[in-house]
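# Observations on the model geometry
Residue-level listing of the chains:
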Amino acid sequence: MKFTLFSSAMLALFSSQVMATACVISSNDDQLPIRMCQQNINIPPSLFTDSFCQPQIPDRSFDVAFTEACPEGAYGICHGAKTPGVAYEQAIHYYSDADDAPILKAYCENISEGRWDTP
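Residues numbered from 1 in each chain as written. Predicted model: local features only at pLDDT ≥ 70, side-chain atom pairs only at ≥ 80, totals over all residues. Heavy atoms only, no water.

### Considering the overall build of the protein
Using the following cut-off: Only runs of H or I of at least four residues qualify as helices and only runs of E of at least two qualify as strands under DSSP, and these elements are numbered from the N terminus. When a residue's accessible area, from a 1.4 Å probe over protein chains only, is under 20% of the maximum for its type it is buried; when over 50% it is exposed; and in between it is partly exposed. Accessible surface is estimated by sampling points in the Shrake-Rupley manner with a 1.4 Å probe; for residues, cover comes only from the protein chains shown.
When its secondary structure is counted, the protein shows three helices and six strands. When its helices and strands are written in sequence order, the protein yields α-β-β-α-β-β-β-α-β. For the protein, the residues scored as buried account for 30% of the 119 residues in total. When the accessible surface of the protein is totalled, it reaches about 7700 Å², and 59% of it is carbon and sulfur.

The structure is reproduced here in structure tokens:
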């Protein structure tokens, strides 16, 4: 009985971490709106939630919501994006301003070593 209870508790804990494999990041200040979603590919769950999903842009503030997958409606997605010097990958979905696509596409392909997709 103890093993079953422990196994159930561990499965529930693991399942909740697996389900929250994306984070939607939205600015909540008066500056130019930013909305994007990061879909985890192979980043350890705690590193993803505690670091990758915590934007650090001076003088900006954000809301971060964890979800199972990124929502529909992105104008561009950078698949397999890597942070320079780190082997971990994620897919970054962009929603804010489609006019930014050429710059984000170039960054995706040349800096993040990703593959740009226009859904």
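And the narrative resumes.
### Section: the nonpolar core
Cut-off, in case you're wondering: By nonpolar core we mean a set of buried residues, namely Ala, Val, Leu, Ile, Met, Phe, Trp, Tyr and Cys, connected to one another through side-chain atoms within 4.5 Å.
If you look at the biggest cluster of nonpolar residues, it comprises 16 residues, and the most contacted ones within it are Phe48, Cys78, Tyr94 and Trp116. Going through the elements one at a time, β1 (22-27), α2 (45-52), β4 (76-82), β5 (89-94) and α3 (101-110) are the ones with two or more residues in this core. The next biggest cluster of nonpolar side chains, apart from the first, holds eight residues, and it includes Cys37, Cys70, Ile77 and Tyr95.

### A look at the state of the cysteines
What counts, and what does not: Sulfur atoms of two cysteines make up a disulfide when they are within 2.5 Å.
Per the counting criterion, the structure on display carries three disulfides. In this model cysteine 23 forms its disulfide with cysteine 53; the gap between the sulfur atoms is 2.1 Å. When the S-S torsion is -85 degrees, as for the bridge of cysteine 23 with cysteine 53, the disulfide is left-handed. In this pair, cysteine 23 sits in strand β1 while cysteine 53 sits in the loop between α2 and β3 (62-67), placing the two residues 30 residues apart along the sequence. Comparing cysteine 23 with cysteine 53 shows no difference in burial state: the two are buried. Across the disulfide from cysteine 37 sits cysteine 70; the S-S distance is 2.1 Å.

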